[in-house]
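So you can see what is in the structure, the chains are spelled out below.
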Amino acid sequence: MNFLQTACCRVFQTVLRLALPFLPYRSPKVIRSVQEVPGILHEQGIGQVLIVTDGFLHLSGMLEPLKSALTRNGIGYTVFDETVPNPTVWNVELARERYLADNCQGLIGFGGGSAIDCAKAVGARIARPNKPISKMRGILKILKPIPFLIAVPTTAGTGSETTLATVITDDKTAHKFPINDFPLIPRVAVLDPEMTRSLPKNMTATTGMDALTHAIEAYIGRSTTKTTRRDALKAASLIAGNLEKAYRDGNDMTARTNMLTAAFLAGGAFSKSYVGYCHAVAHSLGGKYHTPHGLANAVLLPYVLEAYGSSIDGKAKDIAVAMGISDASTPPETAARLLIAEIRRMNRAMGIPAKLPGIQEADIPRLAAYAAKEANPLYPVPVLMNRKELEQFYYDVMEESK
């Protein structure tokens, strides 16, 4: 990246960092059981809600405790269960039509990041009925309150239950784009470990590594605060001590609870401090190839950290100490190497591959352009990279031709 581009990015990021204390960030109210949801809705005077989820969760019966609680307490609901893994503009519009047709007054996002992201985008379209979702990409494009939103995560990873972000895929171009605005922060987050008990092992692993990516990218960036640094390190510590336990034994409710807390803390940290190139590249892969987001982050993370080089040594040491893989006497450059090695070890231990299938070399320039457009100038990364430099990450994780 040339001097002028670098200067423009850093000025933009500095302005955002200086504005942080004055921006209307808030944290959702945290409850620990779906049984508490009806009481919250009654307090808000809401008698009809749209539950945004996916077909698998609906058919699996995971919604039954929530549905039963709503029914017992006289609250009507409509279930929209057509959310796809990377929610699309079409998903959002169809769910919005259902919300309006059934006179709903509030939203419940039930599922992983996709369902919660879809619910957020539905809320944005309700708040801005004359503004297409494609015109909301970027930051501060909603600026109006959305309907009361409750997030019930069934994975411990995305942090969508606490962030101001949603990521939507354009059906026509297969390009994923983020929408960031304060009204998108859910009002309530239901951190109920029972909702994650039946999460498959591979999803436990990849969503947990997604949370670790959030914590690390938020911490090593150049727009941190005392609170985001504290929460990111706490999240990394909890993930180090609990992710593999939850992977090995899905019924370990202590580990499940701690992972939900870690995902929430990491989500709050990156909501203020943003993420980095790992996420930008992962979003482009998800849009083009439907690569699961947590999987892409897990595979990409060590390569991105290596590319930042010595610029992250000091902060990488802080993370390594928090995760228990180095101590205060470890030289920073050694701690950084230990952190990268530990990420690769965790991936191997949980069956996460070292490479990603399906990447086509001919697609790489366009994918890198999407990633650069998303990240620059918004993400306050340790080292700025242009489109050409980002192309290397796709080659790093591309599965070799057989």
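Here, every reference points to the structure presented above.
These numbers were taken from a predicted model, which means no experiment stands behind them. (Residues numbered from 1 in each chain as written. Predicted model: local features only at pLDDT ≥ 70, side-chain atom pairs only at ≥ 80, totals over all residues. Heavy atoms only, no water.)

Colleague: If you had to explain the overall build of the protein to someone new, which residues and values would you point to?
Modeller: Counting its regular elements, the protein contains 15 helices and nine strands. For 402 residues, the compact-globule formula gives about 21 Å, and the C-alpha radius of gyration of the protein, at 20 Å, lands near that figure. C-alpha extents for the protein along the principal axes are approximately 60 × 50 × 45 Å. Sorting the 402 residues of the protein into buried and exposed places 57% on the buried side. Sequence-distant contacts in the protein: of pairs separated by 6 or more residues, those separated by 24 or more amount to 78%. Accessible area of the protein: about 16,000 Å², with a carbon and sulfur share of 55%. (Helix = DSSP H or I, 4+ residues; strand = E, 2+ residues; numbered from the N terminus. Rg over C-alpha atoms; globule rule 2.2 N^0.38 Å. Buried < 20%, exposed > 50% of the residue type's maximum accessible area, 1.4 Å probe, protein only. Contact = heavy atoms within 4.5 Å. Areas by Shrake-Rupley, 256 points an atom, 1.4 Å probe, with all protein chains shown as cover.)

Colleague: If you had to explain the packing of aromatic side chains to someone new, which residues and values would you point to?
Modeller: Taken as a whole and judged by the stated rule, the model has two aromatic pairs. Ring geometry for Tyr25 and Phe182: centres 4.8 Å apart, planes at 85°, overall edge-to-face. With Tyr25 in the loop between α1 (3-19) and β1 (29-31) and Phe182 in the loop between β8 (176-180) and β9 (188-190), this pair connects stretches of sequence that are 157 residues apart. Judged by relative accessible area, Phe182 falls into the buried class, the value being 10%. Taking 6.5 Å as the distance between ring centres and 35° as the angle between the ring planes, the aromatic pair formed by Tyr274 and Tyr379 counts as tilted. With Tyr274 in the loop between α9 (253-273) and α10 (277-289) and Tyr379 in the loop between α14 (364-375) and α15 (387-397), this pair connects stretches of sequence that are 105 residues apart. Note on accessibility: Tyr274 and Tyr379 belong to one class, buried. Sitting over the face of the ring of Tyr247, Lys201 holds its NZ or CZ atom 4.5 Å from the ring centroid. The residue whose ring lies beneath Arg344 is Tyr303, and the NZ or CZ to ring-centre distance is 5.0 Å. (Phe/Tyr/Trp six-rings, centres within 6.5 Å; stacked < 30°, edge-to-face > 60°. Lys NZ or Arg CZ within 6 Å of the ring centre and 35° of its normal.)

Colleague: So what about the sheet that holds strand β5 (residues 138-139)? Which residues, and what values?
Modeller: Ordered by their spatial adjacency, three strands build an open sheet running β5-β8-β7, and the pairing between neighbours is mixed. Edge strands, defined here as strands with exactly one partner in the open sheet, are β5 and β7 (165-169). Strand direction decides the pairing type here: β5 and β8, joined by two bridges, are parallel. In the sheet register, Ile139 faces β8, and the bridge partner there is Asn180. (Pairing = 2+ DSSP bridges.)

Colleague: Run through helix α4 (residues 64-72), naming residues and quoting values.
Modeller: Along α4, the residues classified as buried are Leu66, Lys67, Ala69 and Leu70. Along the long axis of α4, the arc covered by the buried residues comes to 160°, so they all point the same way. Facing away from the buried side of α4, by more than 90 degrees, are the exposed residues Thr71 and Arg72. Looking at the residues trailing α4, positive phi occurs at Gly74, about 75°. (Arc of directions from axis to C-beta.)

Colleague: So what's going on with the packing of helix α8 (residues 226-248) against α9? Which residues, and what values?
Modeller: Working note: a packed helix pair is described by the angle between its axes plus the distance between those axes. Their axes nearest at 8 Å, the elements α8 and α9 cross at an angle of 150°. Here α9 runs roughly antiparallel to α8, going by the angle between their axes. The handedness of the crossing between α8 and α9 comes out as left-handed. Residues Thr228, Asp231, Ala232, Lys234, Ala235, Leu238, Ile239, Asn242, Leu243, Lys245 and Ala246 of α8 form the contact with α9, whose participating residues are Thr254, Ala255, Arg256, Asn258, Met259, Thr261, Ala262, Leu265, Ala266, Ala269, Lys272 and Ser273. (Axes fitted to C-alpha atoms, helices over the stretch in contact; angles between N-to-C directions. Parallel < 35°, antiparallel > 145°, perpendicular 65-115°, else oblique. Left-handed = near helix turned anticlockwise from the far one by under 90°.)

Colleague: How would you sum up the nonpolar core? Please name residues and give values.
Modeller: The biggest cluster of nonpolar side chains holds 80 residues, and the ones touching the most others in it are Tyr277 and Leu305. At ten residues, the largest contribution of residues to this core is made by helix α11 (residues 293-308). Discounting chain neighbours no more than four positions away, the residues touching Tyr277 are Glu217, Val304, Tyr308, Ala375, Asn376, Val381, Val383, Leu384, Met385, Leu390 and Phe393. (Core = buried A, V, L, I, M, F, W, Y, C linked by side-chain atoms within 4.5 Å.)

Colleague: Report on the environment of Val167, specifying residues and quantitative values.
Modeller: Relative to the elements of secondary structure, Val167 occurs in strand β7. C-alpha of Val167 to C-alpha of Arg256: the two residues are 89 residues apart in sequence and 25 Å apart in space.

Colleague: How would you summarise the state of the cysteines if you had to cite specific residues and measurements?
Modeller: In this structure the tally under the stated criterion is zero disulfides. With no disulfide of its own, Cys104 lies 13 Å from the sulfur of Cys118, the closest cysteine sulfur. (Disulfide = S-S within 2.5 Å.)

Colleague: Please provide a residue-by-residue account of the side chain of Asp181, values included.
Modeller: Relative to the helices and strands, Asp181 resides in the loop between β8 and β9. Buried Asp181, no salt bridge; nearest opposite-charge side chain is Arg128, N-O distance 7.1 Å. Polar contacts involving the side chain of Asp181 include one to the main-chain amide nitrogen of Ile142, which spans 2.8 Å. Side-chain polar atoms of Asp181 contact the backbone nitrogen of Leu143, separated by 2.8 Å. (Lys, Arg positive; Asp, Glu negative; His and termini not counted. Salt bridge = Lys/Arg side-chain N within 4 Å of Asp/Glu carboxyl O. Polar contact = N/O pair within 3.5 Å; in protein donor to acceptor, adjacent residues only side chain to side chain.)

Colleague: Please give an account of the pairing of β8 that cites residues and values.
Modeller: Every regular strand shows the same layout, with side chains that alternate between the two sheet faces. A large share of β8 lies buried, amounting to five of its five residues. Here β8 shows a buried face lined by Lys176, Pro178 and Asn180 and a second buried face lined by Phe177 and Ile179. Bridging between β7 and β8 involves five bridges; their strand directions are antiparallel. Looking across to β8, one finds that Ile168 is bridged to Phe177. Adjacent in sequence and paired antiparallel, β7 and β8 are bridged by six residues, among which Ala174 carries a positive phi angle near 60°.

Colleague: Talk me through the pattern of salt bridges; I want residue IDs and the actual numbers.
Modeller: Summed over the entire model, instances satisfying the criterion amount to eleven salt bridges. In this structure, Lys67 engages Glu64 in a salt bridge whose closest nitrogen and oxygen atoms are separated by 3.2 Å. Of this pair, Lys67 and Glu64 both sit in helix α4, three residues apart, which is roughly one turn of that helix. Across the pair Arg387 and Glu391 runs a salt bridge whose closest N-O atoms are separated by 2.6 Å. You can see Arg387 and its partner Glu391 sitting in helix α15, four residues apart, about one turn around the helix. On the basis of relative accessible area, Arg387 is assigned to the partly exposed category, the value being 35%. A relative accessible area of 7% means that Glu391 is categorised as buried. When salt bridges that share partners are traced, they join Glu93, Arg96 and Arg125 into one network.

Just distances and angles here, no functional claims.
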